[in-house]
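Listed below are the residues making up each chain.
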Amino acid sequence: MNTINHYAVFGSPISHSKSPRIHQLFAMQTHQNLDYIAQEVTANNFISTVENFFKKGGVGLNCTVPLKELAWQFANKKTERAEFAKAVNTLALQSDGTILGDNTDGIGLVNDLVFNHDIELKNKRILILGAGGATRGILSPLLEQQPDYLIVANRSVEKAAALAIEFNNKFTSCSFDALSGEKFDLIFNATSASLNDELPPLPPNLLTENGICYDLAYGNLPTAFVRWGTSQNARKSLDGLGMLVEQAAEAFKLWRGIQPNTKSVIELLNSER
Ligand code: ATR
């Protein structure tokens, strides 16, 4: 019998999550028998809700803000990229009953850049804004692409400096003020400022001639950072919808062993904005 498998995304706020729609589209496309719901879960009730989810037959879970670090703690085993990130966005029940934690955010970002937008990272000068969980998730996959130079700028500069030490100084850190006069091929916004339609205090003229801006956040309307990129004449100023679909595809692959087609799903979601 082909029984239905249960998946969910936990987070807060979660009502506007596009993940259920993305995974339903993947399931239809690949003929998988599964359901996937979004559930409002806070840090306070995370452990009991996750335990209950797996006890009642759930087999895979996505965790988003503010639960990724708790999910990292909860997982019995972790992939190498999740260990580096100290954050988990995907939990998968294993055949021996243990729970594997993965972080598919960084590979989702790299896949969106490379395959959907034809953007190379090798030998590029990269700036990441923010030093929180979102930055942790993307650092290792971005460094693997061998950029020429990577710097993390943060409002609390000591947090960026501590992150650089944790990553064996494979990148440098600074304050927003210290960016004046620097030029970058790619600027990623990994702060949570976009969630309040705010912008980090950035000096102008940070982009090289063909420079690109990418906000890890997304919305139906352009985010404050996407608008800033456009005002700075970025060659492209993108939001994180493509990354969202690509990280979901990596989670789907982990759970189902099948690679879904992402382009058609991104096109559909873009047409619905
Ligand atoms: P996440 O898991 O989404 O990364 P987080 O760990 O709370 O969330 O990190 C949020 C990041 O956004 C931090 O780098 C934060 O800067 P501080 O470390 O100085 O707090 C940054 N951030 C949030 N709001 C911001 C704003 N309005 N301007 C600039 N940076 C902001």
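Please refer to the structure higher up on the page.
The structure displayed is predicted, hence computed values, not measured ones.

**Things to note about the packing of aromatic side chains**
Turning to step 1, where the next piece is worked out: Overall, the coordinates contain ten aromatic pairs when judged by the stated rule.
Turning to step 2, where the next piece is worked out: A centroid spacing of 5.8 Å and a plane angle of 75° characterise the contact between Phe10 and Phe53, whose relative ring orientation is edge-to-face. Remark: Phe53 occurs in helix H2 (residues 46–55) and Phe10 occurs in strand S1 (residues 5–11); sequence separation between them is 43 residues. Side by side, Phe10 and Phe53 carry an identical accessibility label, which is buried.
Turning to step 3, where the next piece is worked out: What links up through ring pairs into an aromatic cluster is the set Tyr7, Tyr36 and Trp255.

**Considering unusual backbone geometry**
Leave glycine aside and you will find that most residues have negative phi; peptide bonds, for their part, are mostly trans.
Turning to step 1, where the next piece is worked out: Residue Pro13 follows Ser12 across a cis peptide bond; omega there is 0°.
Turning to step 2, where the next piece is worked out: Inspection of the secondary structure assignment puts Pro13 in the loop between S1 and helix H1 (19–30).
Turning to step 3, where the next piece is worked out: A cis geometry characterises the amide bond from Val65 onward to Pro66, with omega recorded as 0°.
Turning to step 4, where the next piece is worked out: Tracing the chain through its elements places Pro66 in the loop between strand S3 (58–63) and helix H3 (68–74).
Turning to step 5, where the next piece is worked out: The backbone phi angle of Lys86 is positive, close to 55°, even though this residue is not glycine.
Turning to step 6, where the next piece is worked out: Structurally, Lys86 is set in the loop between helix H4 (80–85) and strand S5 (90–93).

**Here's the deal with the side chain of Asp239**
Turning to step 1, where the next piece is worked out: In this fold, Asp239 is placed in the loop between strand S12 (236–238) and helix H9 (241–256).
Turning to step 2, where the next piece is worked out: For Asp239, a relative accessible area of 12% corresponds to the buried category.
Turning to step 3, where the next piece is worked out: Within the local environment of Asp239, its side chain forms a polar contact with the backbone nitrogen of Leu241, the two atoms lying 3.2 Å apart.
Turning to step 4, where the next piece is worked out: A polar contact of 2.6 Å, which involves the side chain of Asp239, links it to the side chain of Arg273.
Turning to step 5, where the next piece is worked out: When near neighbours in sequence (up to four residues on either side) are disregarded, Asp239 contacts Tyr214, Asp215, Ala217, Tyr218, Gly219, Val226 and Arg273.

**Things to note about the pairing of strand S7 (residues 125–129)**
In the case of a regular strand, side chains alternate between the two sheet surfaces.
Turning to step 1, where the next piece is worked out: Burial of S7 is extensive: four of the five residues sit out of reach of the surface.
Turning to step 2, where the next piece is worked out: Examined bridge by bridge, S7 and strand S8 (residues 149–153) share five bridges and lie parallel to one another. Paired with Leu129 across the strands is Ala153, a residue of S8.
Turning to step 3, where the next piece is worked out: Note that the unit made of S7, helix H6 (residues 133–144) and S8 has a crossover that is right-handed.

Reading the values: rules and limits
- Residues numbered from 1 in each chain as written.
- Predicted model: local features only at pLDDT ≥ 70, side-chain atom pairs only at ≥ 80, totals over all residues.
- Heavy atoms only, no water.
- Phe/Tyr/Trp six-rings, centres within 6.5 Å; stacked < 30°, edge-to-face > 60°.
- Helix = DSSP H or I, 4+ residues; strand = E, 2+ residues; numbered from the N terminus.
- Buried < 20%, exposed > 50% of the residue type's maximum accessible area, 1.4 Å probe, protein only.
- Polar contact = N/O pair within 3.5 Å; in protein donor to acceptor, adjacent residues only side chain to side chain.
- Contact = heavy atoms within 4.5 Å.
- Pairing = 2+ DSSP bridges.
- Right-handed = clockwise from strand over helix to strand, strands pointing away.

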